[in-house]
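Chain and residue survey
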Amino acid sequence: MGDSLLIRGGRLLDPSSGLDLVGDLLIEDGLVAAVGDVGATKHLEELDAEGLLVTPALVDLHVHLREPGAEYKEDVRTGAAAAVAGGFGTVCCMPNTSPPNDCRAVTELILARAAEAGLARVRPVAGISMGLSGKGLTEVAELKAAGAVALSDDGHPVGDAGFMRRALEYASTFGMVVVNHCEELSLSRRGAVHEGEASTWTGLRAQPAAAEEVMLARDLLLVGLTRARYHAAHVSTAGSVALLRQAKSDGLPVTAEVTVHHLLLTDEACHDFDTNTKCNPPLRSETDRQACVAGVLDGTIDAVVTDHAPHSPNDKAVEFEDAPFGVIGLETALPALLRLVERDELSLEVLVARLTSGPASCFGLEAGTLAPGAPADVTLTDLSLRHTVRPEHFLSRSANTPFAGWEMRGRAVTTVVGGRAVYRWPDGLLPHP
Amino acid sequence: MAFAHKSLLGIAQLSTEDILTILSVAETFYEISERRIKKVPTLRGKTVVNLFMEPSTRTRASFEIAEKRLSADGINLSPSSSSTKKGETLLDTARNLQAMHPDILVMRHRAAGAPHFLDRHIQAAIINAGDGAHEHPTQALLDAFTIRRQGMPFGRLNVAIIGDIAHSRVARSNILCLTRLGANVRVCGPRTMLQPGLEALGATVCHRLDDALDGVDVAMALRVQLERFGGEALLPNAREYARQFGLNRKRLEHMKPDGLVMHPGPINRGVEMDPEVADGERSVILEQVTSGVAVRMALLYLMAGGSPDSVVKES
Ligand SMILES: [Zn+2]
Ligand SMILES: [Zn+2]
């Protein structure tokens with residue numbers, strides 16, 4: 001195969017190598033071969049990137065692809081398609097499937113499906129505990145050998161402090177990071193909204209910010225005890241950001257992520273009982289949102305994620321308190337985040353870092369960089385392209401987005417994975433050659 | 001000029017003018033309730049569905065009487081709405097109801113926001129008759145109507161609402177309604193029953209009953225759900241609640257001398273208030289029930305497209 005591709009004349013922005021210049025990117029055999037002024041070449045497939053932003057393909061540490069078990073919401077193929085449509089080259093999928101990903105067989109199934117799809121790279125996160133039950137360690141070494149990149153019982157907070165300690169110790173033996181969804185259930189009672197303005201106006205059962213912070217504080221103390229690698233999933237409160245800032249300045253080996261929707265929306269969005277605003281952690285106050293943005297800016301928060309959580313219209317077309325938690329985000333993340341750049345809340349450089357090199361280093365992924373020799377996963381973004389979010393056009397199987405109808409500026413127009421353009425806007429997925 | 005809202009989902013959506021319009025239309029219907037023949041042909045040919053997906057005796061009876069007095073065709077549906085029980089979803093219910101083309105849907109549901117959900121899927125006007133711990137707008141309107149009929153001007157009114165404010169749709173609707181009319185509202189209860197953020201609704205928070213009652217015109221006690229004691233740890237037991245937050249003759253001395261005692265019913269006698277207070281000369285609890293029919297007639301009339309200016313002529 002003629003495996004070379006030249007991306008010509010774009011603004012190359014790669015925080016991992018401090019690169020920011022207008023130039024060319026040469027790809028050979030699926031790897032980055034050269035950046036800068038490649039000069040005249042012959043017989044190369046070329047992509048004109050003039051006026052476009054050229055970055056490492058985006059990396060999402062937190063998605064739910066629903067396979068196996070709930071393929072009517074999403075499967076690995078549709079999820080990977082949604083990913084590349086949003087500019088993501090790598091997504092890490094959570095283990096709360098049915099059966100859950102707590103063993104080699106499920107990890108391998110997901111990887112096989114992802115290989116068949118040939119779109120985004122799918123890197124499974126396996127369970128910390130058998131059946132995500134909070135009891136009984138999974139076979140960490142085996143799961144790592146099978147291809148799992150981290151451990152989490154996402155959706156099921158690890159409630160038992162003693163088990164969390166053992167999980168941290170055991171996982172770190174094999175160099176695996178433990179990821180926790182911090183939610184003290186006796187405080188949150190799985191409340192449908194944030195305890196604050198939303199619950200005051202709606203009367204819905206609510207979860208206070210402290211439900212998240214209590215467990216995060218406990219986990220950080222356990223990291224101090226064990227010195228094991230720990231990653232806080234979807235932090236959403238000002239208190240959590242402050243706890244993490246302190247932990248990092250104390251030198252603890254912790255990293256953290258925040259979701260796109262917690263950076264863009266507040267609990268005010270829940271006032272009309274729209275179930276597409278129901279997520280866990282819930283949308284918080286404006287103070288919390290601003291603290292999360294500040295955490296992204298100063299590096300307290302390493303990664304911005306989608307927590308892409310597909311649900312069918314039937315799942316969501318019920319009473320608010322009965323609706324499942326979760327919103328999708330792969331196809332809206334970048335446009336939504338670019339609003340923060342437009343509003344001067346974030347710089348483009350920081351945003352790209354938190355979507356590429358930041359997440360890649362949290363889980364030690366070989367992704368999120370344009371350094372020569374790295375896998376050639378590249379996203380071309382048109383920062384000025386205006387478009388409207390139309391869920392009916394999503395490649396995801398689900399449409400549960402809080403951003404429906406939003407007028408956006410900027411989006412990924414070409415996504416390259418392993419040296420091959422797999423998605424182009426507005427055409428869609430590109431056929432294998 | 002017709003009423004500007006398709007549905008009545010909550011007090012939150014109403015302006016002060018809207019509320020005053022409803023109260024003045026209710027005045028006309030109150031007079032009809034005092035006639036020998038109480039029935040008028042105003043809503044003849046209109047279909048009203050009473051969809052009560054949570055048990056309710058009083059509110060439903062009040063709506064049914066209001067519908068009969070307006071000559072509407074009222075139909076009662078009370079499917080179970082348990083979230084654990086498999087069966088028809090609320091969306092199915094909405095579609096089935098829509099196929100029957102009702103004009104007005106009166107709805108009670110255990111889940112906050114259920115009327116908002118139905119409102120997006122059905123053409124009929126919806127009147128929220130109580131949704132979870134969210135709103136109970138007709139209760140708040142009838143309470144305001146009762147207060148106004150006692151000749152108390154809202155602008156100088158001080159009201160204390162006592163009880164489980166956090167879990168009460170009556171409290172939320174009353175706070176919104178009374179503050180919009182210009183009254184000062186204090187809420188009182190143990191902190192386990194007062195969620196943070198009540199000030200955002202316009203209320204002042206008190207934890208001592210005597211402070212809450214000091215100089216008020218109206219003391220409104222909420223029904224406490226006895227099952228919330230113990231298990232959910234909001235309070236140890238009914239005895240402690242009665243001693244700390246129950247209304248008795250002695251405590252009423254803190255109020256204005258002609259102050260009113262109200263309760264949305266049904267009362268737990270000896271818990272929210274002593275029997276002698278419930279049945280005493282300052283209690284307007286039964287007057288609230290009478291007002292309820294008039295206010296609901298007014299709302300049915302307005303939601304069916306009736307003009308606020310020509311009620312008398314038409315009836
Ligand atoms: Zn989670
Ligand atoms: Zn998740």
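Per chain, residues are indexed from 1 in the order of the written sequence. Starting at A for chains and at 1 for ligands, labels are handed out in the order in which the entities are written. The predicted origin of the model limits local features to residues at a pLDDT of at least 70 and limits the giving and counting of side-chain atom pairs to 80 or more, whereas totals for whole chains, interfaces and linings rest on all residues. To obtain the side-chain values, all non-hydrogen atoms of the structure were used and water was disregarded.

So, the nonpolar core
Selection rule: For our purposes a nonpolar core is just a set of buried Ala, Val, Leu, Ile, Met, Phe, Trp, Tyr and Cys residues, chained together by side-chain atoms within 4.5 Å. Accessibility here uses a 1.4 Å probe with only protein chains present; expressed as a share of the type maximum, an area under 20% marks a residue as buried, one over 50% as exposed, and anything in between as partly exposed. Every helix listed is a DSSP run of H or I at least four residues long, and every strand listed is a run of E at least two residues long, numbered separately from the N terminus.
In this structure, Val 122, Tyr 230, Leu 263, Leu 264 and Leu 337 of chain A are the most contacted members of the largest nonpolar core, which totals 96 residues. A total of 7 residues in this core trace back to one element, the largest contributor, which is helix H1 (residues 76–85) of chain A. Grouped together as the second largest cluster of nonpolar side chains are 68 residues, Phe 3, Val 106, Cys 177 and Leu 178 of chain B included.

Some remarks on the coordination of the zinc ion (ligand 1)
Tetrahedral metal sites with four donors have an ideal angle of 109.5 degrees; octahedral sites with six donors have ideal angles of 90 or 180 degrees. All names here are of chain A. Stated formally: Only nitrogen, oxygen and sulfur atoms qualify as donors, provided they sit within 2.8 Å of the metal or within 3.2 Å for Na, K and Ca; with water excluded from the atoms, sites may seem incomplete.
The coordination sphere of the zinc ion (ligand 1), as far as protein atoms go, consists of Asp 154 (OD), His 181 (ND1) and His 234 (NE2), spread over 2.0 to 2.1 Å. In terms of primary sequence, the donors binding the zinc ion (ligand 1) are separated according to D-x26-H-x52-H. Separation of the zinc ion (ligand 1) from the zinc ion (ligand 2) amounts to 3.5 Å, with Asp 154 serving as a shared donor to the pair. Of this pair, Asp 154 sits in the loop between strand S9 (150–152) and helix H4 (161–173) while His 234 is found in the loop between strand S13 (230–232) and helix H8 (238–249), placing the two residues 80 residues apart along the sequence. Here Asp 154 matches His 234 in class, with each residue buried.

Describing helix H1 (residues 16–33) of chain B
In plain terms, the rule: What a helix should span is 1.5 Å times the count of its residues minus one.
With 18 residues, H1 of chain B extends 26 Å from end C-alpha to end C-alpha; this agrees with the ideal 26 Å at 1.5 Å per step. Looking only at H1 of chain B, the buried set comprises Asp 18, Ile 19, Thr 21, Ile 22, Leu 23, Val 25, Ala 26, Thr 28, Phe 29, Tyr 30, Ile 32 and Ser 33 of chain B.

Points about the domain arrangement of chain B
Residues and elements named next belong to chain B. Quick reminder of the rule: Where each domain starts and ends follows an automatic or database-derived domain assignment. Contacts between residues were defined by any pair of non-hydrogen atoms, one from each residue, lying within 4.5 Å. What counts as buried area is the accessible surface, traced by a 1.4 Å probe, that two parts surrender upon association, with contributions from both included. By convention in these notes, a salt bridge is any Lys or Arg side-chain nitrogen within 4 Å of a carboxyl oxygen on Asp or Glu. A 3.5 Å cut-off defines polar contacts: any pair of N or O atoms within that distance qualifies, except that in protein one atom must be a possible hydrogen donor and the other a possible acceptor, and neighbouring residues in sequence count only when both atoms are side-chain atoms.
Looking at chain B, the domain boundaries give domain 1 (11–134 + 289–303) and domain 2 (151–283). On a C-alpha basis, the centroid separation for the pair domain 1 and domain 2 is 26 Å. Facing the 17 residues of domain 1 at the interface are 13 residues of domain 2. Carbon and sulfur atoms make up 59% of the surface buried where domain 1 meets domain 2, a total of about 1100 Å² over both sides. In this structure, the connection of domain 1 to domain 2 is made through 1 salt bridge. Two residues, Arg 169 and Glu 54, come together in a salt bridge whose shortest N-O distance is 3.1 Å. Summed over the shared surface of domain 1 and domain 2, the number is 8 residue pairs in polar contact (both at pLDDT 80 or more).

Things to note about the interface of chain B and chain A
To keep it simple, the criterion reads: Residue polarity is assigned by list, with Asp, Glu, Lys and Arg as charged and Ala, Val, Leu, Ile, Met, Phe, Trp, Tyr, Cys and Pro as nonpolar; anything else, Gly included, falls into the polar class.
At the interface, 23 residues of chain B touch 17 residues of chain A. Secondary structure elements with two or more residues in the side of chain B that touches chain A: helix H3 (90–99), helix H4 (114–119), helix H6 (169–180) and helix H7 (198–201) of chain B. Per-element accounting of the side of chain B that touches chain A gives the leading share, 3 residues, to H4 of chain B. Residues of the side of chain B that touches chain A, tallied by class, amount to 12 nonpolar, 7 polar and 4 charged.

Overview of the coordination of the zinc ion (ligand 2)
Residue and element names in this part refer to chain A. Quick reminder of the rule: Each label reflects the angles at the metal, where four donors whose angles all fall between 85 and 135 degrees are tetrahedral, four or six donors whose opposite pairs open beyond 155 degrees and whose other angles stay between 65 and 115 are square planar or octahedral respectively, and the rest are irregular.
Coordination sphere of the zinc ion (ligand 2), protein contribution only: His 62 (NE2), His 64 (NE2), Asp 154 (OD) and Asp 307 (OD), at 2.1 to 2.3 Å. What the 4 donor atoms of the zinc ion (ligand 2) show is an angle range of 84 to 167 degrees at the metal, which sorts the shape as irregular. Donor residues for the zinc ion (ligand 2), ordered by position in the chain, follow H-x1-H-x89-D-x152-D. We classify His 64 as buried; its relative accessible area is 5%.

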